[in-house]
Amino acid sequence: MSVTDIDSRPTAAADQTPLTTPAGNTGLAVRDLTVRFGPFTAVDGVDLDFAPDTVHFLIGPNGAGKTTCVDAITGLSKATGSVRLDGQEVLGIPVRKLARQGIGRTFQTATLFENLTVLQNLDIAAGMHRSRWSLLGARSRIDPAIDEALEDTGLGHVIDRPAGILSHGQKQWVEIAMLLVQRAKVLLLDEPVAGMSHDERQATGELLHRLKRERTVIVVEHDMDFMRQFASEVTVLHQGKVLSAGSVDAVTSDPRVQQVYLGSGPDAEAEGNQPA
Amino acid sequence: MSLTSTERGDPSAAGPDEARVGDAGRGRPAGPVPGVPRRGLAYGGMAVLAIALMVLVPMFFGTFQVNQIGRFVCLAIVAVGIGLAWGRGGMLTMGQGAFFGIGAYVMAMHMLLSDAALRGPDTLPSFMVLSGNGELPWFWEPFRSGTVTVLGIVLLPALVAGLLGFSLFKRKVKGAYFAILNQALVAAVAVLLIGQQDTLGGSNGLSGFQSFFGLSLADPLNQQFIYLLACGVLVAMVALAYWMMRSRFGELLVATRDGEERVRFLGYDPAGVKTIAYMAAAMMASIGGALFVPIVGIISPTSIGVAPSIAFVIGVAVGGRGSLFGPVLGALAVAWAESSLAQAFPSGWSYFQGLLLILVIVLLPGGVASLGQRFRRRRADSGNGSTPDPGTDPAEPAHVPAPKGTLT
């Protein structure tokens, strides 16, 4: 990364910003989402609105249906209802087409291609915007989008390492960088800071806020402290239903939320407030 | 661990969907492709292989041994494809005999038809005179033409593998199930061939060839030419495999092997990726089979059945399935060991073969090709005392071989 590169980019980006803001970017609208596993209803008629330019947290006790919601939105679990991306129905379309529509996700345990380097991982993620024929050749140049994503996530120094040897936090950041190079409009992150140190959490939270520009960032999280610090919008799920939704203050002061989640005992509250 | 906070425009929106067809002129140059040998090493290795097989072998061995080695070379061509499909793609192709058989029988039909045409018009291949009904079966007809034969050798297996592969991979059939289905395929092909006594010689197979594309097989010079042709094809297949491994397709193939679902979330169809690798492997097996026929002089169901299909895989496993030259060297070595050991202990070879496969899978999943790397790592371990950082050595192909301890 040369100095001139860094200098020249902000102006170029500023030029492009008005062009690339999708006119009808209304985020992700979920209506009456229902997921059943046999007789068990994991997600029961959930309505969710994920606006662009927000970091929207999806929280709830274990088994509340958070991950199942994300699985349903990303096509991994069969669901009924409606999911609209910028007004277009996307529920039920195949996973790989969904990815091309701009919905990207990470998983609770990072699922990088561990035998490939960070660069190779990112190059594959960037590939959906290249022509099919580019698969025939070797990579001769590094896509500038990859360098930008590496800079955003602070991973430039590990570009040539096999993804399998990275630390847990670095793996999650590579996952996020992959979402950036695949130009996802909606980023669904499943517990991105689980197992991270305090500093790593802090850095990740700040990263999410930088990323939310023109994107919808949805985070499934257990860590209440992290949620309080970085959520711009929160939805609480409980037993497959939306229990409460709104700002952090509104949700945390909701007595129903305190009852099922935060206020289940003074211990839980104390635990949540402890600095990691 | 700090994340840069340079405020900047949205990188995901870098330009209004401009055509990102090639890399030309965009971004900084990429280094060598990780996980495959560098170009100099790979082409150097191919040159060494070519010189060893095409110059040294004919120089130091007699006609009979050269012919033997020619047979090994044909098996090595099959191995290159298995290395691609199994080592890089994780598809345990236990039924390559089926595709080997397609190539071999197509070539054999053409050679018998040419021989018959030399004896006179409307002459049937001699085995049909004894057992047939006096008419040439319909599926022999197209292979009178040399061009159709060559096309058939390349395209027929690709077609079969394409249809079979795509329908299996779409249904997410993988691992041991895929291997078993391949075995079933090859067993079915063998049974089918044995049943075709009148039209394909049944269990006797096809033999008694006199010419190969107009060259008399009785002439030792022509024999040598066919041997050199097989060697040339082998080197060309290694070059093709290298190109596929080095390309973005090759990286995507490894990614599909290690995380099929993840590939889907990146907008690719893993079934398509795997099918292409499977087709390439089938095509190479078919070409190996086609060259096998003029060199060995006979093709019968015993050369393409279940056991030979497993034998193909053993050579690849021993040499190192994920590496470029491992499958070739492994196939050559195992074939050589077979021909010399089977003479000494005719009944013991198959036990030895089975033992070899088990030992390699358990003790050395990366094959002999991974030995050097293991040794280097061990030396680095004992040298530093502390854990070495595999990322700092760009030459370290730590991430090359297939996952440990698994077959697929």
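Residues numbered from 1 in each chain as written. Chains lettered and ligands numbered in written order. Predicted model: local features only at pLDDT ≥ 70, side-chain atom pairs only at ≥ 80, totals over all residues. Heavy atoms only, no water.

Participant: Before we move on, can you summarise the overall build of chain A with the specific residues and values?
Facilitator: Of the regular secondary structure elements, chain A holds eleven helices and ten strands. Across the 276 residues that make up chain A, the buried fraction comes to 55%. Nonlocal contacts in chain A, meaning residues at least 24 apart in sequence, comprise 68% of its contacts between residues at least 6 apart. (Helix = DSSP H or I, 4+ residues; strand = E, 2+ residues; numbered from the N terminus. Buried < 20%, exposed > 50% of the residue type's maximum accessible area, 1.4 Å probe, protein only. Contact = heavy atoms within 4.5 Å.)

Participant: So what about the overall build of chain B? Which residues, and what values?
Facilitator: Scanning chain B from N- to C-terminus turns up 15 helices and four strands. Within the span of chain B, comprising 408 residues, buried residues form 53% of the whole. For chain B, long-range pairs separated by at least 24 residues make up 78% of all intrachain contacts whose partners lie at least 6 apart in sequence. With an accessible surface of roughly 17,900 Å², chain B has 67% of that area assigned to carbon and sulfur atoms. (Areas by Shrake-Rupley, 256 points an atom, 1.4 Å probe, with all protein chains shown as cover.)

Participant: For unusual backbone geometry, give the residues involved together with the corresponding values.
Facilitator: With a phi close to 55 degrees, Asp-32 of chain A is a non-glycine residue in the positive phi region. As for its placement among the helices and strands, Asp-32 of chain A is situated in strand E1 (residues 28-37). On the accessibility criterion, Asp-32 of chain A (46% relative accessible area) is partly exposed. The phi dihedral of Phe-213 of chain B is positive, around 50 degrees, even though this residue is not glycine. Assignment of secondary structure puts Phe-213 of chain B in the loop between strand E2 (211-212) and strand E3 (215-216). With a relative accessible area of 40%, Phe-213 of chain B lands in the partly exposed category.

Participant: I'd like a rundown of the confidence of the model for chain B, residues and numbers included.
Facilitator: If pLDDT is low for a region, its predicted coordinates should not be looked at in detail. All names here are of chain B. Summing up the model confidence of chain B, the mean pLDDT is 86 and the portion of residues at 70 or higher is 87%. Per-element confidence in chain B ranges from a low mean pLDDT of 70 for helix H15 (residues 371-384) to a high of 97 for helix H11 (residues 270-296). Of the regions scoring below 50 in pLDDT, residues 1-22 engages in 54 contacts with residues more than four places distant in sequence or in other chains. Every residue in residues 385-405 scores below 50 in pLDDT, and together they form 40 contacts with partners more than four places removed in sequence or on other chains. As a predicted assembly, this complex carries a pTM of 0.85 together with an ipTM value of 0.82. (pLDDT = per-residue confidence, 0-100.)

Participant: Account for the sheet that holds strand E10 (residues 241-246) of chain A, naming residues and giving values.
Facilitator: Residues and elements named next belong to chain A. Spatially, E6-E7-E8-E3-E9-E10 is the arrangement adopted by the six strands of the open sheet, whose pairing is mixed. Because the sheet does not close on itself, it has two edges, and the strands there are strand E6 (103-105) and E10. Put simply, the sheet's adjacent strands are angled 20 degrees from each other on average, direction ignored. Across five bridges, the pairing between strand E7 (residues 186-190) and strand E8 (residues 216-220) is parallel. Its bridge partner being in E8, Leu-189 is matched across the sheet by Val-219. The strands touched by helix H2 (residues 66-73) are strand E3 (54-59), E6, E7, E8 and strand E9 (233-238); relative to E3, the strand with the most contacts, the crossing angle is about 125 degrees. Against the sheet, helix H7 (residues 198-211) contacts E3, E7 and E8, and its axis sits at roughly 150 degrees relative to E8. (Pairing = 2+ DSSP bridges. Axes fitted to C-alpha atoms, helices over the stretch in contact; angles between N-to-C directions.)

Participant: Go over the side chain of Lys-274 of chain B, please, and point to the residues and values.
Facilitator: Looking at the secondary structure, you find Lys-274 of chain B in helix H11. Setting aside anything within four residues of it in sequence, one finds Lys-274 of chain B in contact with Gly-89, Met-91, Phe-169, Lys-174, Thr-256 and Glu-260 of chain B.

Participant: Lay out the sheet that holds E1 of chain A in plain terms, naming residues and giving numbers.
Facilitator: Across a sheet, paired strands are connected by hydrogen bonds in the backbone, their directions being either parallel or antiparallel. Residues and elements named next belong to chain A. Reading across from one edge, E2-E1-E4-E5 is the order of the four strands in this open sheet, with antiparallel pairing throughout. At either margin of the open sheet sits one strand with a lone partner, and together these are strand E2 (40-50) and strand E5 (88-89). In this sheet, strand E4 (residues 80-85) lies alongside E1 in antiparallel orientation, the contact comprising five bridges. Note that in E4 the partner of Thr-34 across the bridge is Thr-80.

Participant: For the pattern of salt bridges, give the residues involved together with the corresponding values.
Facilitator: In the structure shown here, the tally under the stated rule is 22 salt bridges over all chains. Measuring nitrogen to oxygen at the nearest pair gives 3.3 Å for the salt bridge that ties Asp-86 of chain A to Lys-185 of chain A. Here the residue Asp-86 of chain A occupies a position in the loop between E4 and E5, and Lys-185 of chain A occupies one in the loop between helix H6 (168-181) and E7, the gap between them amounting to 99 residues. Assessed through its relative accessible area of 23%, Asp-86 of chain A is described here as partly exposed. Among the charged side chains, a network of salt bridges with common partners joins Asp-123, Arg-130 and Arg-139 of chain A together with Arg-248 and Glu-251 of chain B. (Salt bridge = Lys/Arg side-chain N within 4 Å of Asp/Glu carboxyl O.)

Participant: I'd love a proper account of the layout of surface pockets, names of residues and values included.
Facilitator: Taking a probe equal in size to a water molecule and rolling it over the atoms shows the remaining empty space. The volume enclosed by the second largest pocket comes to roughly 590 Å³. Lining the second largest pocket are 23 residues, with Arg-132 and Leu-135 of chain A together with Phe-249, Leu-252 and Ile-276 of chain B positioned closest to its centre. Among the elements of the structure, helix H3 (95-101) of chain A together with helix H8 (220-246), helix H9 (248-258) and H11 of chain B are those that each provide at least two residues to the lining of the second largest pocket. For the lining of the second largest pocket, a count of residues per class yields twelve nonpolar, six polar and five charged. (1 Å grid on protein atoms, 1.4 Å probe; cavity = no way out; pocket = protein on both sides within 12 Å on 5 of 7 lines; lining within 4 Å. Points joined across faces, edges and corners; volume = space filled by probe spheres on them. Nonpolar A, V, L, I, M, F, W, Y, C, P; charged D, E, K, R; others polar.)

Participant: Give me a nonpolar patch on the surface: which residues, what numbers.
Facilitator: All names here are of chain B. Where nonpolar side chains cluster on the molecular surface, the patch consists of Ile-51, Met-54, Val-55, Leu-56, Met-59, Phe-60 and Phe-61 and spans about 680 Å² of accessible area. By secondary structure assignment, the location of Met-59 is in helix H1 (residues 39-60). By relative accessible area, Met-59 is classed as exposed at 56%. (Patch = residues over 30% accessible without salt bridge, like charges linked within 9 Å, V, L, I, M, F, W, Y side chains within 5 Å.)

Participant: Tell me about the nonpolar core, and please be specific about residues and values.
Facilitator: Core analysis: the largest hydrophobic core is formed by 169 residues, its most contacted members being Phe-57 of chain A together with Trp-140, Leu-206, Leu-234 and Ile-299 of chain B. Ranked by residues supplied to this core, first place goes to H11 of chain B with 16 residues. Within the second largest apolar cluster, 25 residues are counted, among which are Leu-33, Val-35, Leu-48 and Val-83 of chain A. (Core = buried A, V, L, I, M, F, W, Y, C linked by side-chain atoms within 4.5 Å.)

Participant: Account for the environment of Asp-249 of chain A, naming residues and giving values.
Facilitator: Residues and elements named next belong to chain A. Position of Asp-249 relative to the elements: it lies in helix H9 (residues 248-252). Residue Asp-249 is classed as exposed on the basis of its relative accessible area of 61%. Between the C-alpha atoms of Asp-249 and Ser-140, which are 109 residues apart in sequence, the distance is 51 Å.

Participant: Kindly report on the side chain of Ser-247 of chain B, identifying the contributing residues and their values.
Facilitator: Mapping Ser-247 of chain B onto the fold places it in the loop between H8 and H9. Residue Ser-247 of chain B is classed as buried on the basis of its relative accessible area, which comes to 3%. At 3.4 Å, the side chain of Ser-247 of chain B and the backbone oxygen of Leu-135 of chain A are in polar contact. Excluding anything up to four places from it in sequence, Ser-247 of chain B contacts Leu-135, Leu-136, Gly-137 and Ala-138 of chain A. (Polar contact = N/O pair within 3.5 Å; in protein donor to acceptor, adjacent residues only side chain to side chain.)

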